[in-house]
Amino acid sequence: MKVTIVGAGNVGATCADAIAYRRIASEIVLVDIREGFAEGKALDIMQTQTTLGFNTKMVGSTNDYAKTANSDVVVITSGIPRKPGMTREELIGINAGIVKSVAESLLQHSPEAIFVIVSNPMDTMTYLTFKSLGLPKNRIIGMGGTLDSSRFKTYLSLALDKPANDIQGMVIGGHGDTTMIPLTRLASYNGVPVSEFLSAAELEKVSADTMVGGATLTGLLGTSAWYAPGASVSFLVDSILNDQKKMIPCSVYLEGEYGQSDICIGVPCIIGKNGVEKIVDITLNADEKAKFAKSADAVRAMNGDLKSILG
Ligand SMILES: NC(=O)c1ccc[n+]([C@@H]2O[C@H](COP(=O)([O-])OP(=O)(O)OC[C@H]3O[C@@H](n4cnc5c(N)ncnc54)[C@H](O)[C@@H]3O)[C@@H](O)[C@H]2O)c1
Ligand SMILES: O=C(O)C[C@H](O)C(=O)O
């Protein structure tokens, strides 16, 4: 199975490394616009094969999309990341043009591929890709919910002082500092609702920390995060290529689900070899419904900025 990752920067290279090391694909192509950069990253990862014990074919390319031909999955991470104090939404001006042209080049060479969108603002970039390429909605998946949910579970594990892998939880809604919806009501520690162990105030803090999880890291690192984002992409790609049919919150095009239409936003999806195999329309309570509607309003308002590029 062949995976192409465009953008060999922090997130793209980490994601390539995780996919290779976890033996999820047989071939990985890394593409970047910076001369020699993707080739260098591919060669560096290649040289971990004998010490880490995998045999994935690694290819680097400076903007030569012929090398990406017939990929099963393509991942778009190209574009600029935010700096401390910025929102993801402020990246739209530069990233929209990059994502659209990259997506079109990828489709020319891999007409059957499933697209995974990572560049920010991710929900808007996913919508842009969906509208630009005209592919069936199951083939366009925005990655944000995997990462946000992993942060949610991390903060829950810290608050509970229990192992992160004993915790279940999901974040839906937009992938933005104010649009994420950590579903605290449904989170559990080995099947027991976390509200059995944490007070409402403690859960509120976990939720708030999760929502600004990316901003916190950006403040600490000077640019946005890459280890957890790269690992999250590999988790999603694994579920696609190995047809695992995991339920993963992803940004997908809605047509009535959760009371929303003509928008890409995070909802639980079954992810398998066809990409989005099913959108799982769970019953939200009144508070969660109100939060989802507000989140969708904000994401939809951002999509309005795409008018000039979508024509
Ligand atoms: N969805 C998420 O959960 C999530 C998580 C982390 C980062 N991100 C986003 O991912 C993007 C990348 O972040 P990063 O930290 O890897 O940034 P980075 O600057 O380290 O890497 C971006 C790479 O894209 C390349 N690039 C730019 N234009 C290109 C083009 N037209 N074709 C090919 N390559 C091109 C750059 O040369 C650079 O190497 C940002 O927009 C960031 O906000 C999203
Ligand atoms: O925070 C960012 O800008 C990058 C990414 O969306 C993240 O959540 O880490």
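Residues numbered from 1 in each chain as written. Chains lettered and ligands numbered in written order. Predicted model: local features only at pLDDT ≥ 70, side-chain atom pairs only at ≥ 80, totals over all residues. Heavy atoms only, no water.

**Thoughts on the side chain of Arg82**
The residue Arg82 is located in the loop between strand E4 (73–76) and helix H4 (92–109) in this model. Under the relative-accessibility criterion, Arg82 is labelled buried at 3%. Among the polar contacts made by the side chain of Arg82, one reaches the side chain of Asp177 at a distance of 3.1 Å. If we skip the residues at most four places from it in the chain, Arg82 touches Thr87, Arg88, Leu91, Asp177, Gly214, Ala215, Thr218, Thr223 and Ser224. (Helix = DSSP H or I, 4+ residues; strand = E, 2+ residues; numbered from the N terminus. Buried < 20%, exposed > 50% of the residue type's maximum accessible area, 1.4 Å probe, protein only. Polar contact = N/O pair within 3.5 Å; in protein donor to acceptor, adjacent residues only side chain to side chain. Contact = heavy atoms within 4.5 Å.)

**Quick notes on the site of ligand 1**
By nearness alone, 27 residues border ligand 1, and Val11, Asp32, Ile80, Asn120 and Met143 come closest of all. Taking Asn10, its main chain carries an N or O atom lying 2.9 Å from an oxygen atom of ligand 1. A distance of 3.3 Å separates an oxygen atom of ligand 1 from a polar side-chain atom of His175. Across the complex, the protein chains shield 89% of the 860 Å² of accessible surface that ligand 1 would expose by itself. Judged by its atoms lying within 2 Å of the grid points, ligand 1 is housed in the largest pocket. Residue classes in the shell around ligand 1 are distributed as 15 nonpolar, 10 polar and two charged. (Near = heavy atom within 4 Å. Areas by Shrake-Rupley, 256 points an atom, 1.4 Å probe, with all protein chains shown as cover. 1 Å grid on protein atoms, 1.4 Å probe; cavity = no way out; pocket = protein on both sides within 12 Å on 5 of 7 lines; lining within 4 Å. Sits in = over half its atoms within 2 Å of the grid points. Nonpolar A, V, L, I, M, F, W, Y, C, P; charged D, E, K, R; others polar.)

**Some words on the site of ligand 2**
Taken together, the residues surrounding ligand 2 are Arg82, Arg88, Asn120, Leu147, Arg151, His175, Gly214, Thr218 and Ser224. One of the side-chain nitrogen or oxygen atoms of Asn120 is found 2.9 Å away from an oxygen atom of ligand 2. The side chain of His175 places a nitrogen or oxygen atom 2.6 Å from an oxygen atom of ligand 2. Isolated, ligand 2 exposes 260 Å² of accessible area, and the fraction of that covered by the protein chains is 95%. In this structure the site holding ligand 2 corresponds to the largest pocket. Residue assignment for the shell around ligand 2 shows that the elements contributing at least two residues are helix H6 (145–160) and helix H8 (213–221).

**A look at the pattern of salt bridges**
Scanning the entire structure with this criterion turns up 14 salt bridges. The shortest N-O distance in the salt bridge between Lys205 and Asp209 comes to 2.8 Å. On the criterion of helical spacing, the pair formed by Lys205 and Asp209 is a turn pair, its members being four residues apart in helix H7 (residues 200–211). The exposure class of Asp209 is partly exposed, given its relative accessible area of 23%. (Salt bridge = Lys/Arg side-chain N within 4 Å of Asp/Glu carboxyl O.)

**Focus: helix H9 (residues 227–241)**
Here H9 spans 21 Å end to end across 15 residues, near enough to the 21 Å set by a 1.5 Å rise per residue. Among the residues making up H9, those that are buried are Pro229, Gly230, Ser232, Val233, Ser234, Leu236, Val237, Asp238, Ser239, Ile240 and Leu241. Downstream of H9 by one or two residues, Asp243 has phi in the positive range, about 45°. (Expected span 1.5 Å × (residues − 1).)

**A few points about the packing of H6 against H9**
At their nearest, the axes of H6 and H9 sit 8 Å apart, and the two run at 120° to each other. When the axis of H6 is compared with that of H9, the two are oblique. Once H6 is placed against H9, the crossing between them reads as right-handed. From H6, Thr146, Leu147, Ser150 and Arg151 reach across to H9, where they touch Ala228, Pro229, Ser232 and Phe235. Of the residues in the contact of H6 with H9, the class split is four nonpolar, three polar and one charged. (Axes fitted to C-alpha atoms, helices over the stretch in contact; angles between N-to-C directions. Parallel < 35°, antiparallel > 145°, perpendicular 65-115°, else oblique. Left-handed = near helix turned anticlockwise from the far one by under 90°.)

**Some words on the UniProt feature "domain: Lactate/malate dehydrogenase C-terminal" (unreviewed entry) in the chain**
Under the present numbering, the feature "domain: Lactate/malate dehydrogenase C-terminal" (unreviewed entry) in UniProt falls on residues 146–300. Annotated as residues 146–300, this span is 43% helix and 25% strand, and its ends, taken at the C-alpha atoms, are 21 Å apart. (UniProt positions renumbered as here; feature names shortened; annotations may be inferred.)

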